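The lines below spell out each chain.
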Amino acid sequence: MNAFSYSAAFITFFSVVGPPKVLLAFAGLAQVHPVSQMRTIALLSSGAAVLVGLVMGITAPWLLNVFHISTAALQLAGGVIFFIYAVGLVLGLHLGSNTTHQDSPDLVSGVRELLMPYVVSPLAMTAVLIEAAARDSFSWRSTVVGAYVSVIALDLICVLLLARILRRTHHATIELLGRLLGLLLAAVGVDLVLDGLSELGVPGLNLRK
């Protein structure tokens, strides 16, 4: 692997699906799941995230070609979905969640809660596809996947180490941090949409940075 390319890809994935964003999702689950179950959920969801990222990264050029998707369209779709999810965080609406698991928490409900923000994060999958398709080289796609897997491994380590602390964090604190993070993530979603529009050639957007 080219060290510079790997580090650049690692930083990209750390910013979109790194511990600062992932730990908050796990903190919410920690309020209703025992520590031992939380660790199992972390292992299962991280394994699923690695599998999804591996498939998407290695097959990125073919996926985009088969579905006739441009990188601009991918940025727009990922940005819109991520924006909607972030607005849900700001408003306290947990989109796609199942609140019934709070009475009898189990592994399935825990993993389901992490599907959107972690296992198939729209922002992370958009980044994987765009980065992997940037160069027509298997070695480059391997570098991208390696960087993504490294970040997921870092997420898993942080969750395993901090599981007890996350469980003791007050619900009001998690709710407050979730809404603040949602505001920032909404801006990221808007920025991704603007990047897609700029790539499509919409005039004036290339002057925004």
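Data block above holds the structure.
All of these numbers come straight from a predicted model, not from anything done at the bench. (Residues numbered from 1 in each chain as written. Predicted model: local features only at pLDDT ≥ 70, side-chain atom pairs only at ≥ 80, totals over all residues. Heavy atoms only, no water.)

Topic: the overall build of the chain
Selection criterion: Secondary structure is summarised from DSSP: a helix means a run of H or I of at least four residues, a strand means a run of E of at least two, and numbering begins at the N terminus for each. Only protein chains enter the area calculation, which uses a 1.4 Å probe; residues under 20% of their type maximum are buried, those over 50% are exposed, and those in between are partly exposed. Residues count as neighbours in contact if any of their non-hydrogen atoms are within 4.5 Å of one another. The Shrake-Rupley method, run with a 1.4 Å probe sphere, supplies the accessible areas, and residue values consider only the shown protein chains as cover.
Scanning the chain from N- to C-terminus turns up 10 helices and 0 strands. Along the chain, helices and strands appear, N-terminal first, in the series α-α-α-α-α-α-α-α-α-α. When the 209 residues of the chain are sorted by exposure, 40% land in the buried category. Taking the intrachain contacts of the chain between residues at least 6 apart in sequence as the baseline, contacts between residues at least 24 apart amount to 83%. By element, 70% of the accessible surface of the chain is carried by carbon and sulfur atoms, the whole surface being about 10,700 Å².

Quick look at helix α9 (residues 138-168)
What sets the pattern is the α-helix's 3.6 residues per turn: residues three or four places apart point alike. The condition is simple: One less than the number of residues in a helix, times 1.5 Å, gives the span that helix is expected to have. The angle between axes fitted to the seven residues ending at a residue and the seven residues starting there is what we call the bend at that residue.
Along its 31 residues, α9 runs 44 Å from first to last C-alpha, staying within 8% of the 45 Å computed at 1.5 Å per residue. Considering bend angle alone, the principal kink of α9 is centred on Leu-162 and spans about 65°.

Here's the deal with the layout of surface pockets
Our working rule: Grid spacing is 1 Å over the protein atoms alone, the probe is 1.4 Å, and a cavity is where that probe fits but cannot get out, while a pocket is an open set with protein on both sides within 12 Å along at least five of seven lines and lining residues have an atom within 4 Å of a point. Grid points are joined across faces, edges and corners, and a volume is the space filled by probe spheres set on the points. Just so you know the grouping, Ala, Val, Leu, Ile, Met, Phe, Trp, Tyr, Cys and Pro go in nonpolar, Asp, Glu, Lys and Arg go in charged, and all remaining residues, Gly too, go in polar.
Looking at the second largest pocket, its volume works out to about 270 Å³. Among the elements of the structure, α1 (3-17), α8 (122-132) and α10 (171-199) are those that each provide at least two residues to the lining of the second largest pocket. Ranked by the residues each element gives to the lining of the second largest pocket, the list is headed by α8, at 5 residues. Of the residues belonging to the lining of the second largest pocket, the class tally is 6 nonpolar, 4 polar and 4 charged.

With respect to the packing of helix α3 (residues 35-58) against α8
Applicable threshold: Axis definition: a line fitted to C-alpha atoms, over the contacting stretch in the case of helices. Angles run 0 to 180 degrees between N-to-C directions. Every angle not falling under 35 degrees, over 145, or within 65 to 115 is termed oblique; those three ranges are roughly parallel, roughly antiparallel and roughly perpendicular. For any pair of crossing helices, the crossing counts as left-handed if the nearer helix is rotated counterclockwise from the farther one by less than a right angle, and right-handed if it is rotated clockwise.
Running from N to C, α3 and α8 point in directions that differ by 30°, and their axes come no closer than 8 Å. When the axis of α3 is compared with that of α8, the two are roughly parallel. When you trace α3 past α8, the crossing you get is right-handed. Residues Val-52, Gly-53, Met-56 and Gly-57 of α3 form the contact with α8, whose participating residues are Met-125, Val-128, Leu-129 and Ala-132. Of the residues in the contact of α3 with α8, the class split is 6 nonpolar, 2 polar and no charged.

A closer look at the side chain of Arg-141
Residue placement: Arg-141 occurs in helix α9. Excluding anything up to four places from it in sequence, Arg-141 contacts Gly-57, Ile-58, Pro-61, Trp-62, Ala-132, Arg-135 and Asp-136.

Some words on the nonpolar core
Selection criterion: Nine residue types can take part in a nonpolar core, namely buried Ala, Val, Leu, Ile, Met, Phe, Trp, Tyr and Cys, and a core is a set of them joined through side-chain atoms within 4.5 Å.
If you look at the biggest cluster of nonpolar residues, it comprises 48 residues, and the most contacted ones within it are Phe-13, Val-17, Phe-26, Tyr-118 and Tyr-148. Of the residues forming this core, the biggest block, 10 residues, is contributed by α9. In contact with Val-17, not counting residues within four places along its chain, are Val-22, Tyr-118, Ala-124, Tyr-148, Val-151 and Asp-155.

Some thoughts on the packing of aromatic side chains
Cut-off, in case you're wondering: Stacked, tilted and edge-to-face are the three classes applied to pairs of Phe, Tyr and Trp rings, where Trp contributes its six-membered ring and a pair requires centres within 6.5 Å; stacked means planes under 30 degrees apart, edge-to-face means over 60, and tilted covers the rest. By definition here, charges over rings are those cases where NZ of Lys or CZ of Arg is within 6 Å of the ring centre and within 35 degrees of the ring normal.
One pass over the structure, following the stated rule, counts 4 aromatic pairs. When the ring of Phe-13 is compared with that of Tyr-148, the centres are 5.5 Å apart and the planes differ by 80°; the resulting orientation is edge-to-face. Remark: Tyr-148 occurs in helix α9 and Phe-13 occurs in helix α1; sequence separation between them is 135 residues. For Phe-13, a relative accessible area of 0% translates into the label buried. A network of ring pairs unites the aromatic residues Tyr-6, Phe-10 and Phe-14 as a single cluster. One residue, Arg-135, lies across the ring of Trp-140, its end atom 4.0 Å from the ring centre.

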